[in-house]
Amino acid sequence: MMIDFLTLLQAAAEAGRSYGDFPAVGGRGAVWIAAEVHLMFAAFVLGVPMFAVITELIGIVGKDERYDKLSKEFTRLLVFAYSATALWGGMLLFLLTTLYPAFWGHMADIFSMSMWIYAGLFFVESFTLYLYYYGWDRWKSGRAKWGHWGLGLLLNVWGTIVMFIANGWLTYMMSPPEGTTVAEGLPDGVTMWNAIANATWMPINIHRLIANAVFGGSIVAAYAAYRFLAAKTPEEKAHYDWMGYVGTFIAIATFVVLPFAGYWLGREMYEYSQQMGVTMMGGFMSWLWIVQAILIGVLFLAANYYLWTGMGRIPGAERFLPYTKWMLLVLIVCWIVWGTPNTMIASRDEFAAMGGSRHPFLGVLGLMSGKNTAVNFMILTTFLSFLMYRRGNRIPTVTWAKAGTLTQGAMFVLSSAYVLWLGIYGYFVPTITRISYSVYQVAAVLACIIGVWAIDIFLMRGSQSRGEIRWGEMPDRSQYAIFVLAVTFTWLMGLMGFARSGIRQHWHVWEVMRDTSDRAVTPALGYAANMISLTVVIFLGLVAFIFWLGGLAERAVSKKPAPIGQPQAVTGG
Amino acid sequence: MFLTNIKVLAVGLAVIAFYTIIAQVIPQLESEVPEALDLSAGVTPEVLVTAGEDLFMGGAGCTSCHGLGTRAPNLRTDHAGEGTIGERCGSREQGCKEYLYESMIDPGAYLIEGFPPIMPDARRQLSNEQIWAVVAYLESLGGEVTVTADDIGASASAPSAPASSGAAPARTATTDPVQLLTENACIGCHQLEGAGAPVGPAFDGMGSRISADRIRTGIIDPEAEIAEGYEAFAGMMPATFGDQLSAAQLEIIVQFLAARQ
Amino acid sequence: MRRILAVPVLLSVACGGGGESGGESSGGGGGEAAVAALGTASIMGVVNFSGMAPANPAIDMAEEAECAAKYADGPTDPVVVVADGKLANVFVRITSGLPAGPYPMPSSPSVIDQDGCLYTPRVVGVMVGQDLEIQNSDPLLHNIKAVPTANRGFNISQPRVMSSTRSFNTAEVMVPLECSVHGWMQAYVGVVEHPYFAVSGADGAFTISGLPAGTYTLEAWHETLGTQTMDVTVEDGGSASAEFSFGS
Amino acid sequence: MTNHGRLQVAACRLSAASTILLAFVAGLPGVLRAQDLENGKALYDKWCAGCHGMTGQGDGPAADYMLPRPRDFTFAIYQIRTTSNGELPTDDDLRYIVDNGMPGSTMPGWKDKLGPGDRDDVVAYIKSFSRFFEDGQPEPVAVARAPRVTDEGLAEGRRLFEEEVECIKCHGAEGRGDGGSAPELTDDDGFPIRAANLTENWTFNGGGSVEDILMRIRVGVDGTPMPSNGDAIDAGIITEEQLWRVAQYVRSLSPDAPPRRQDVVRAAFVEGDLPNGPEDPAWNDVEALYIPMVGQILEAPRWFAPAVDGLWVRALHNGEGMALQFSWDDASASPDEAWDPFFDGVVTSMVAPDAPHLEAQGPDHLAVQFPLTPPEGTVLPYFLAGDARNPVYQIRWRSNPDMAEEGTATGLGTFASGTGSDLTHGAAFANGRWQVQFTRSLTASDPGVAASFTPGESMPMAFYVADGTNAEDDVRGAVSAWYAVYLDVPLPPRVFIAPVVATLLTAGLGLVVVIQAQRRST
Amino acid sequence: MKHLKHPFTQAVLLIVGSWAFFKFVIPLFPGSAPVPQSVVLQFTLIAAVGVLVYVSENEERWTQFKAPITATLVDANKKWLRGGLLTVIPLFIGFVVFQAARPTVGSTAQLRSIHPAPPGQITFQGRSLALEGLENPLRSRGSLEEHYETGKAIYYQNCMPCHGDLLDGQGHFGHGFNPTPLAFDRAGTIDNLQESFVFWRIAKGGPGLPREGTPWNSAMPVWEDFLTEDEIWAVTMFLYEQSGLEPRTWGEEGEEHD
C-alpha cells in the first residue's frame, strides 16, 4: 500500500515536469495572453514600418514633407513598441519553458538552429531601427534620403524574415511534415527546413504579412482619430484628419485582399488534414466563423461609413451621395447573407418547425456559394466607395473620359454579374466544383479592381479640381468609426489566433505531440472571447500608453506645433 | 478633453463588450479530448477503470459471453448469490486482482462449474496494460480497485502474449480434433454436435457448406470472408489461431471440419 | 397470402361485365333448376363420406346474444357436414366436355343468407353474370366481404335486415365470403361460366341437368377435404349417376 | 375457355385499347400530356420499388419490415377511393395518394419530390400492373352536401355510431380501435390489421377531414375489413345525412389539430395531497404533453411495427413528492386471450430481422427514465436506457401482474432493479386506454438507485411503451427521445426585485440624459 | 406624407419593417419555414446597424434625424411626451427584465454541429480503419448497378423508417427523434462530405459522435452492429445515387463555410 502511494506520488511528480501551473488564469491562460499580446505587438512593429516606408516613399516621390513627418512620427512610436514586443516575447518564452517544459523541449530539439538565427536577426533588426530613426534628420535629402529609405526597407526585410521564422515554428505545430515523431530529433528525410517550410507555412506568412499592414494602418488611423478629437486648432484637425485618412486608406486597401489569403490558408489546411479542416469550418468551430462574419461586416461597414462621411468635405462629392444608400443596402444584405448560420441556434420547437437543424430556405444562404458571393460583393462595393471618394473633387480632362468611365462601369457590372452567376450556379454543382468557383469569383473581383484602378490612374491624369478637400471638416462620429475599425481589427486578430490555435484541439503538435495536460480541452467560444477581450484590452491599453509616451517625447522635441500645410489626398497605395 | 477620452474609451470598450457578449450568448461548446490510452506511467485507478470499462463493453468483446450469463458467468451482476465480480473475487486467497489477472491470461486455471472452457487467453487481443485496465474495472464492480501502475510495470516483464511472440506453441501437442477445438476455445463460438454457442457458423455440417480450403482460410484469416448471416459478428474471431496451432494440428482441424457433413 | 394462387391468364379478361351475358337466353334457376337449352341429359349424383366425421369447432358467439340464442346446443362452425355418411356443401361442376357457349343463364338469382350469424347455404354456385342475392336476416350488423382473385371483390355493410345483389364477371372457384365483424363466418361462392354446377345437399345429393349428350369431367370441391374428379357419360334424355366419396 | 369466348375477349380488349388510345389522342392537343409509361417506370423503379417491389406485388426489400404491408398493385385493390365499393379507383384517387401519401402508414406524399407530370406517369405505370384497369375506370360516387355540425347532429352521430351503423363493433366505444371484433381483423392478404384509432385523425390513411371520413364510410376501404355503407343507403336503411352525422361524430373524437410538439412537461406546484390514482379527477385540469413514440429500431432486437404511437404525460408536485400520470391508447390490456389471433398474426407476419419471437403474449410495459445524476452541460445519457458512463434511473411498470419497480440501467437490457425511493403506482385500463400514475418523493433515499428531483430545475425524461398483444416486450416496443419535466417553484423574490431595479435604473438614466440635453441646449 | 420623408420615421419604419420581413415574410416563401428567434434577432440587429449608418452618413440627414429626439428631450411643449416616455420606457425595460428573470418551462435553445470533425481513424468491428484518404472500395470493384441495388435494399430495410422514402429525413419514425434525421435530398448535406465521413457516421451512429455532436439525442444506431463494411459502403453509394448528389472527393481541396 505504501509502495503504491509512493508510485502515485512519483507519477504526479513526473506529470508536474511536463506541465506547470500559473495562478489565476492557469497555465494555458498565461501563455495565451502572453502569446497574443506579443503577437499583436509584433504585428504592430511589422505593420507600422511598412506604413512608415510607404509614406516615406510617397513623401520622397511627391516631395511632400507631410508624409515624411508622418513617417517619422510613427517610427518614433515604433521604438517604444519594439521594446514592448521584446518584453512580451521574453515573457512568452519564460512562460512556455516553465509551463510547458516538455513541449518546449520538443520544439527546441527541432528548431534550436532557427531560434539562434531568430535571436540574431532580432538584434540586427533593432539596430537597423535605431539607425533608421536616429538617422532620419541626418540623411535628409538627396541620395542620403534614398539610403535612409533603404534602411527602412531593410527594417521591413528583417522583420519579415523574423516573422517567417516564427511562423515556421507555429505552423509546424499545425501541420508537421509527415513522419515526425516526439522522439528526439527529426526522422530520416525530415529536416529542420522541412519542419519550417511545412504545408501551411507560406499561406500563414502571406496572410500575416497582409494582416500586419492592415493592422498597422488601422492603429495609425486610430491614433490620428484620437489626435483629431483632441485637436484644438483647425490646422491640427486638418493634419490628423488627413493622417487618419492615410492610415484608414492603407488599412482598407490591404484588408480587401486579406480574405483571399485566408482562402488559401484554409485550403491548405483542408488539404493537409480533413479532420482539421472539418473542425475548422464545419464542426466544432463553425460558429466562430459567424462571429467572424459579424466582425468583418463591422469592418466593411465602418470603412464605407468613413468614406461616405468623408465625402462631405470633398467639393463635388455630393453628386455621389444619392448612390450611397443603395451601396449600403448591398452591404447590409451581403452582411446578412454572410452572417447566416448554417447550424442555427434554435429551440426544439423551432427545430421541429424547420424540419431539422437547417432552415430549408435560409439554409441555402448558410452555404459557401452564398457567403462567398456576399463577401465578393462587399469587396466590390467598398472598392466602389473608394473610387467615388477619389473622384469626389476631380473632373477628368482626358478626351476619352466618358468612354473610360463607361468601361469601368461595364467592368463592375460584368464582374458582379459573373460573381452572382457563379454564386447561384454553385448550388447546382458538386461540392468539389463549387469550391473551385470561389477561385473564379476572387479572380473576377481582383481583375475588376486592378482593371478599374489602372484605367482610373490614366483617367485622372491632369484632371481638374472642383475645389480643395476641406481637411479637418470631418464629423466626430467618423472618427469613432475609425476606433471601431481598430478595435474590431484587433479583436479579429485575437479571434483568428484562437481559430488557428484551437483547431489543433488536444495536440501540441498535430498528431505528433499530444497535450496531456488537464487543460487540453479546446475551450468554448465564450471563454475564448473573454481571453481575446482581455488581451485586446491589455494591448490597446499599452498602445495608448506608448502613444502617450510618444506625445511626451514630441513635446520634448519641439514645443511649437509643426506648420501644417494643405496635404493632398493619397492617390496610390 | 476629458469627455472625449471617456467617449473614446466607452466606444472601444463597448465594441469589445459587444463581441464578447455575442460569443457568450451562443451555446457554449467545449471540444472533447479523446482519452489517451497511455496507461503506462503515473496512471490513476480512475483512468484504468474507465479504460477497462470501454474495453469490457466494447473492444475486447467480453460481453458477448460474460454479458449473457449463459456461456460464462455474468460478471456485472449477481452470480450464484455471491454478488458481482468485485465482491466475489475478494474471497480468493491470492487476492482479487491477482486472481482476475491470472484468469484472464490463463483461463483454464479457474474454471467455474457449469460453464464450458471456452475463454481465450486475453493476451491474444489485449496488451498487458489493457488487461490490467479490465482487471481494475472488474474490481470496481462491487469491490475496491487495487490495481496500480506498479502492477502493470511488474507484469510487463512476464512472458508476453502468445500471439505476439510469433510461433508460440499450442498448449498441448494433442492430435485429437475435438480436444483441439475445445482447448482452443473454438466451441465457445461455434457449435459442435449441438454444444457451444451460435456466434460463428456451426461446425456441424460445415463440410457440406464450404470446402477445406475455405475452412483453412477462415481459421488463418477470419476476416477474409464472412459467412452469410454472421456479418454482425465479423471481427470477433481472433486471427491468432494460425500462429497458435502447429501446421499439423491446423490440418487435422481442417480435415475434421471438412468431413462434418 | 391467399392471392398467391396465380390468376390464369385466359380467364383474366372480361369485358365490362357485358361480354358473356350477351349469350343470355331463357334458362332455369340455380344449379338445381331445370335448364331449357343445350340438351336434356342430366347427372344425378351423391357425395359419400366414409369414416368418422371430424367434430366441427364450437363458436363463441357470446358477443352476439341474438344469434347465439338460435342454437340450442351452442353454435358450431359447419365445416364438415355429414349426415348418414353423406357429405353436404360439396360444390360439383363440369370442368370439360361441354360444347362451346353461349350457355343459358339461370333465370333466378342464387341466394345466400346470413342467419344466426352463419351463412346459409355455406356453399353456393353462380354462373358468370348471374346475380347473387345476399340477404341479412339477422337484426344486427354484418359486413359481407368477398375476397376473390380474378374478380373484383366487395365489402358491404348490412347493418340490419336487408339484402344486396352482386355478380361476378369471371369464372372463379371458389370466391371466399367472410364477415369481418364475426370472424367465424365463412362461405364460398363457386363462379362458373356455365350453368352446369350443383352443391350437395344435406343428403349428399346433387343434380346437374339440361346437358347435351357427351362425356364430361366432373369436379367436386370441398373446403377442407379437397377436390375430386371423375368422367361421366350421358345420353340425350338420359340420366347418369355419379358418386363421389370423401373420407377423413 | 371456348374459342368463341376467346374471340369475344380479344375483340373487346381491342376495342378497349382503341378507346383508350382514342381518348388519349382526342385529349392530347396542348392540354393533356401523354402519360409516359417509360418515365413512370423509371421513377417507379427508383422511388417506389423499395417497398412495392419491381413487379408491383408489394414485395420490395422493405416489405417484410412493415405492417401493414405495402400495396400489391397487381390486384388493383385500393383503400382510398371515391368510387363505389369493389370498383377501381379513379386516376384522381391514385394521384391523391401519390401526392399526399397515407398518414399513419409508411407511405409518404410525393408532391414535393416529383413534378405533376412525373406523378401522372407514375400513376399510369402503377395502373399497368393490373389488368383490371384495361376496362376503364368508373366515376366517383356523388355525395350530398354536408349538413351543419350541431350538438344534436353529433349526438345523432354517436347513436348511429353505436347502434345503427355499429362502427363500435370494431372501433370500440370511444373509437380507439378496441371493439369486440377488432382482435380478429385481417386484411385481404391475411395480415392482422387494426381498426383505426378514431381519436387520432392525423393518422387516417385517407385524410382526417369530415369529408374524407364520410367517403371512407360511404364506399369502404377496400382490402381491409372496413365495409361500404353504399348498399345500406341504397336499401334505404341509412340516409346519406345520417352518414354525414357519423362522419362528423368521428371527426369530433379527435382534437381540432394534431398535438403540438413540445419539450417540457410542467409539473405544477400543488398545496397538499397529490392525486391518488391515475383516474383522479384532479388530473383533468393538468396540462398534458404529447410525446410521439416510434419503434425501437436502434439496437437489436429491433421492432418495426410498434402499436403505441403516442403518450400523454402529466405531472404535479407538492414540494415533497411528485406524481406523473401517463395515458396512452392501447386496444388491449395484455395479455388478453381474445387478442390471440392478432398476436399470432403479428408473430407470423413480422419477420423480425434480429431476434426470435415471443411464444405468448406478454404484459404491457411502460418505462420512464431520467439521468441518474443531473446532467452536466450538454452531456446526457444515451436516450435509449443510458450508457456505461451515464446511467439512467428508470421506473418500470408492467400490466400483468400489475407492478412497478425502479432501478438503474446502463444500456438496453441492463436494467437492475432496486429501491431508491418510496415509489408507488396505480394503473387503470378502460376503452382502449391505459392510465398509469407513479408517485414518489422528490428526494431519493438511495442516490445510487434513484434520481432526485429539484424544484426549479428541468430533469430530462424519456419513455418506453410496449403492447403485449402486439408481440412486444421490454426491448421491442416504442421509444421516445429525451424530453424534460420541470418542477414549478414559487417565484423567488429576485424575479420581482430585478425588474424594479431595472426600471429605476432606466428611469434615472433617462433623467440624466434629459437633464444633460437641456443643459446643453440652454 | 411629410412624416414619411422624415429620416426618423424612415428609420423606425425600416427597422420594424425588416424585423417583420424576417419574422413573417421569409416563412411565406415557397419551401420555407419559420425562422428561429436567434436568427431573426441577428438579422434585425444587422438591419438596425444599417439604418443607423444610413441616417448618420450624411450631415443633413443626421441633423434631421436627431431633431425630434432633441426636441423631445428639450422642448418645453413636449413635457408630457417626455414624461410619458420616461415612464413607459423604464416600465417596458422592467417588464422585459421580469420576463427574463421569470423561470420558464420553454425549451432551451440548442446548437448542434451537423458535421462534426471525424477522427483520423476508427475501429470498425474490431479493426482499425483510417478514414483520412479512404475511398469507397465499391466504386472500383464489381458492378455499380449491383451495389446500388444492395444499398437500396439495405436502405429500405434499415434507414427508411427514419430518413424516409424521399430521403428527406421525414420517415414515419423521423418525427419521434430530435434532432430530426438528416435529410439527404438537399445540397449542403452529404455532398459536402467525403464518403469516408458518411461511412464513419453510419458505422458509429449517435453514440459515436464527438463532443460537438452533443446533446447526444441522435438516434442514429451503431450500424457496425448490424451491417458489414461492404453493406455500409453500398448504402453510402445508394444515398448519393438516389439523391443525385456527388460525394466530395479527396482530390483538389478547399474549405467550405458552415
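Positions within a chain are numbered from 1, following the residues in the order the chain's sequence is written. A letter from A marks each chain and a number from 1 marks each ligand, given out in the order of writing. For this predicted model, a pLDDT threshold of at least 70 governs which residues receive local features, and a threshold of 80 or more governs which side-chain atom pairs are given and counted, while totals over whole chains, interfaces and linings are taken from all residues. Hydrogens are left out, water is left out, and the side-chain values use all remaining heavy atoms of the structure.

Draft legend 1. Region of the structure containing the overall build of chain D. The helix count covers DSSP runs of H or I at least four residues long, the strand count covers runs of E at least two residues long, and both are numbered beginning at the N terminus. A tally of helices and strands in chain D yields eleven helices and 14 strands. Out of the 522 residues in chain D, the part that is buried amounts to 55%. Nonlocal contacts in chain D, meaning residues at least 24 apart in sequence, comprise 65% of its contacts between residues at least 6 apart. Carbon and sulfur atoms provide 55% of the accessible area of chain D, an area that totals close to 21600 Å². Partly exposed describes any residue whose relative accessible area lies between the buried limit of under 20% and the exposed limit of over 50%, with all areas from a 1.4 Å probe on protein chains only and scaled to the type maximum. The contact criterion used is simple: two residues touch if any of their non-hydrogen atoms lie within 4.5 Å. Accessible areas in this description were obtained via Shrake-Rupley with a 1.4 Å probe; residue shielding takes into account the shown protein chains only.

Draft legend 2. Spatial organisation of the overall build of chain C. Helix and strand content of chain C: one helix and 18 strands. Within chain C, the proportion of its 248 residues that are buried is 54%. Nonlocal contacts in chain C, meaning residues at least 24 apart in sequence, comprise 66% of its contacts between residues at least 6 apart. Carbon and sulfur atoms provide 53% of the accessible area of chain C, an area that totals close to 9500 Å².

Draft legend 3. Just the sheet that holds strand 4 (residues 91-96) of chain C, in detail. All names here are of chain C. When DSSP finds two or more bridges between two strands, those strands count as paired. Spatially, the four strands line up as an open sheet ordered 14-4-16-17, and their pairing is antiparallel. Whereas interior strands pair on both sides, the edge strands pair on one side only; in this sheet they are strand 14 (197-199) and strand 17 (226-234). The average undirected angle you get between the axes of adjacent strands in this sheet is 25°. Where strand 4 and strand 16 (residues 214-222) come together, five bridges link them in antiparallel fashion. For Ile94, the partnering residue across the bridge sits in strand 16 and is Leu218. Where helices are involved, their axes are fitted lines through C-alpha atoms of the stretch in contact, as for all axes, and angles between N-to-C directions lie from 0 to 180°.

Draft legend 4. Spatial organisation of the packing of helix 2 (residues 26-62) of chain A against helix 5 (residues 142-174) of chain A. Residues and elements named next belong to chain A. For the pair helix 2 and helix 5, interaxial distance at closest approach is 10 Å and the crossing angle is 155°. Between helix 2 and helix 5, the crossing angle belongs to the class labelled roughly antiparallel. The element helix 2 and its partner helix 5 pack so that their crossing is left-handed. Residues Leu46, Pro49, Met50, Val53, Glu56, Leu57 and Ile60 of helix 2 lie in contact with helix 5, whose contacting residues are Lys145, Trp146, His148, Trp149, Gly152, Leu153, Leu155, Asn156, Gly159, Thr160 and Met163. Gly is put with the polar residues, along with every residue not named as nonpolar or charged; the nonpolar set is Ala, Val, Leu, Ile, Met, Phe, Trp, Tyr, Cys and Pro, and the charged set is Asp, Glu, Lys and Arg. Here the residues of the contact of helix 2 with helix 5 are counted per class, giving eleven nonpolar, five polar and two charged. Put simply, angles under 35 degrees are roughly parallel, angles over 145 are roughly antiparallel, angles from 65 to 115 are roughly perpendicular, and the rest are oblique. The sense of a crossing depends on the near helix, which, turned anticlockwise from the far helix by less than a right angle, makes the crossing left-handed and, turned clockwise, makes it right-handed.

Draft legend 5. Representation of the pattern of salt bridges. All names here are of chain A. What makes a salt bridge here is a side-chain nitrogen of Lys or Arg within 4 Å of a carboxyl oxygen of Asp or Glu, nothing more. Enumeration according to the criterion identifies 40 salt bridges over all chains in this entry. The partner of Lys72 in a salt bridge is Asp137, and the shortest N-O contact between them spans 3.0 Å. Note that Lys72 is positioned in helix 3 (residues 65-99) and Asp137 in the loop between helix 4 (101-134) and helix 5, a separation of 65 residues in sequence. Its salt-bridge partner being Asp241, residue Arg313 comes within 2.8 Å of it at the nearest N-O pair.

Draft legend 6. The arrangement of the sheet that holds strand 13 (residues 186-192) of chain C in detail. All names here are of chain C. The five strands lie next to each other as 7-13-12-9-10, forming an open sheet whose pairing is mixed. Either end of the sheet is taken by a strand with one partner, and the two such strands are strand 7 (123-127) and strand 10 (154-158). Across the sheet, the mean angle from the axis of one strand to that of its neighbour is 20°, orientation sign disregarded. Sheet topology places strand 9 (residues 142-146) next to strand 10; five bridges connect them, and they run antiparallel.

Draft legend 7. Representation of the packing of aromatic side chains in the model. Here a Phe, Tyr or Trp ring, Trp counted by its six-membered ring, pairs with any other such ring whose centre lies within 6.5 Å, and the pair is stacked when the planes are under 30 degrees apart, edge-to-face when over 60, and tilted otherwise. Considering all chains together, one arrives at 79 aromatic pairs over all chains under this definition. A ring pair is formed by D:Tyr125 and D:Phe129, whose centres lie 5.0 Å apart and whose planes are at 70°; its orientation type is edge-to-face. Note on accessibility: D:Tyr125 and D:Phe129 belong to one class, buried. Among the aromatic residues, ring-to-ring pairing joins A:Phe41, A:Phe215, A:Phe255, A:Phe300, A:Phe489 and A:Phe539 into one connected group. Look at NZ for Lys and CZ for Arg. If either is within 6 Å of the ring centre and within 35 degrees of the ring normal, a charge sits over the ring. Over the aromatic face of A:Phe228 sits the side chain of A:Lys237, whose NZ or CZ is 4.6 Å from the ring centroid. Cation over ring: C:Arg152 sits above D:Phe132, and NZ or CZ is 4.8 Å from the ring centre.

Draft legend 8. Local environment of the side chain of A:Thr535. Residue and element names in this part refer to chain A. Along the polypeptide, Thr535 turns up in helix 18 (residues 525-557). Owing to a relative accessible area of 0%, Thr535 belongs among the buried residues under this scheme. What Thr535 contacts, discounting residues up to four positions off in sequence, is Trp32, Ile33, Glu36, Val37 and Met40.

Draft legend 9. Here's a closer look at the environment of D:Glu184. As for its position among the elements, D:Glu184 is in the loop between helix 6 (168-171) and helix 7 (210-219). Sequence spacing of D:Glu184 and D:Ala338 is 154 residues, and the spatial spacing of their C-alpha atoms is 8.4 Å. Beyond its immediate sequence surroundings of up to four residues, D:Glu184 is in contact with C:Gly183 and D:Pro341. In protein, a polar contact means a hydrogen-donor-capable atom and an acceptor-capable atom, both N or O and within 3.5 Å, with residues adjacent in sequence counting only if both atoms are side-chain atoms; elsewhere, any N or O pair within 3.5 Å suffices. At a separation of 3.5 Å, a polar atom in the side chain of D:Glu184 contacts the main-chain amide nitrogen of C:Gly183.

Draft legend 10. Structural context of the nonpolar core. Grouping buried Ala, Val, Leu, Ile, Met, Phe, Trp, Tyr and Cys residues that are joined through side-chain atoms within 4.5 Å yields what is termed a nonpolar core. Counting 208 residues, the largest nonpolar core has A:Phe44, A:Phe74, A:Met107, A:Phe111, A:Phe215, A:Met243 and A:Trp491 as its most contacted members. Sort the elements by how many residues they give to this core and helix 11 (residues 286-310) of chain A lands first, with 19 residues. Excluding residues within four positions of it along the chain, A:Met107 makes contact with A:Ser112, A:Met115, A:Trp169, A:Tyr172 and A:Met173. Residues D:Trp47, D:Val122, E:Tyr148 and E:Met237 belong to the second largest nonpolar core, which totals 60 residues.

Draft legend 11. Just the state of the cysteines, in detail. Residues and elements named next belong to chain C. By convention in this document, the label disulfide applies to cysteine sulfur atom pairs within 2.5 Å. Counted under the stated rule, the structure contains one disulfide over all chains. Put simply, Cys67 and Cys117 are joined by a disulfide, and their sulfur atoms are 2.1 Å apart. On the sign convention where negative means left-handed, the S-S torsion of about 60° between Cys67 and Cys117 marks this disulfide as right-handed. One end of the pair, Cys67, is in helix 1 (residues 65-68); the other, Cys117, is in the loop between strand 5 (110-115) and strand 6 (118-120), and 50 residues separate them in sequence.

Draft legend 12. Molecular detail of a nonpolar patch on the surface. Residue and element names in this part refer to chain A. Among the surface-exposed residues, Tyr418, Leu420, Trp421, Ile424, Tyr425, Phe428, Val439 and Tyr440 lie close enough to one another that they form a single nonpolar patch of about 840 Å² accessible area. Put simply, the parts of the chain that give the nonpolar patch at least two residues each are helix 15 (401-425) and helix 16 (431-459). The topology assignment puts Tyr440 in helix 16. Residue Tyr440 is classed as partly exposed on the basis of its relative accessible area, which comes to 41%. Patch membership needs two things, relative accessible area over 30% and no salt bridge, and members are linked within 9 Å if like-charged or within 5 Å if nonpolar (Val, Leu, Ile, Met, Phe, Trp, Tyr).

Draft legend 13. The confidence of the model for chain D, seen in detail. All names here are of chain D. The predictor attaches a confidence to each residue, called pLDDT, with possible values from 0 through 100. Per-residue pLDDT for chain D has a mean of 86; in total, 92% of the residues score no lower than 70. Counting contacts from residues 5-16, a segment whose pLDDT is below 50, to residues more than four positions away or on other chains yields twelve contacts. In the predicted structure, residues 22-32 sits below a pLDDT of 50 and forms five contacts with residues beyond four places in sequence or in another chain.

Draft legend 14. View of the pairing of strand 14 (residues 483-487) of chain D. Residues and elements named next belong to chain D. Counting buried residues in strand 14 gives five out of five residues, a clear majority hidden from the surface. Residues Tyr483, Val485 and Leu487 of strand 14 are buried on one face, and the alternating residues Ala484 and Tyr486, pointing to the opposite face, are buried as well. By the bridge criterion, four bridges tie strand 1 (residues 264-269) to strand 14 in an arrangement that is parallel. Bridging across to strand 14, Val265 finds its partner in Val485.

Draft legend 15. A look at the packing of helix 2 (residues 37-52) of chain D against helix 6 (residues 144-163) of chain E. Viewed as axis vectors pointing N to C, helix 2 of chain D and helix 6 of chain E meet at an angle of 55°, and their least axial separation amounts to 10 Å. One way to sum up the angle between helix 2 of chain D and helix 6 of chain E is to call them oblique. The interaxial crossing formed by helix 2 of chain D with helix 6 of chain E has right-handed handedness. In this structure, helix 2 of chain D uses D:Asp45, D:Lys46, D:Trp47, D:Ala49, D:Gly50 and D:Cys51 to contact helix 6 of chain E, whose residues at the interface are E:Tyr148, E:Lys152, E:Tyr156 and E:Met160. Residue composition of the contact of helix 2 of chain D with helix 6 of chain E, by class: six nonpolar, one polar and three charged.

Draft legend 16. Examining the pairing of strand 15 (residues 205-211) of chain C more closely. Residues and elements named next belong to chain C. Counting buried positions along strand 15 yields five of seven residues, so the element is predominantly enclosed. Across six bridges, the pairing between strand 1 (residues 41-50) and strand 15 is antiparallel. Within strand 15, the position partnered with Gly45 by the bridge is Phe206.

Draft legend 17. Up close: unusual backbone geometry. Cis geometry marks the peptide bond from C:Thr120 to C:Pro121; its omega dihedral reads -10°. Structurally, C:Pro121 can be placed in the loop between strand 6 and strand 7. A cis amide bond links D:Leu67 with the next residue in sequence, D:Pro68, at an omega value of 0°. Of note in the backbone geometry, C:Asp84 takes a positive phi value of approximately 55° without being a glycine. Relative to the elements of secondary structure, C:Asp84 occurs in the loop between strand 2 (82-83) and strand 3 (86-87). Judged by relative accessible area, C:Asp84 falls into the exposed class, the value being 76%. Even without being glycine, D:Glu166 reaches a positive phi, approximately 55°.

Draft legend 18. Broad picture of the side chain of D:Arg476. Residues and elements named next belong to chain D. Its place among the elements puts Arg476 in the loop between strand 12 (458-466) and strand 13 (478-479). On the basis of relative accessibility, which here comes to 4%, the residue Arg476 falls in the buried class. Side-chain polar atoms of Arg476 contact the side chain of Asp473, separated by 2.5 Å.

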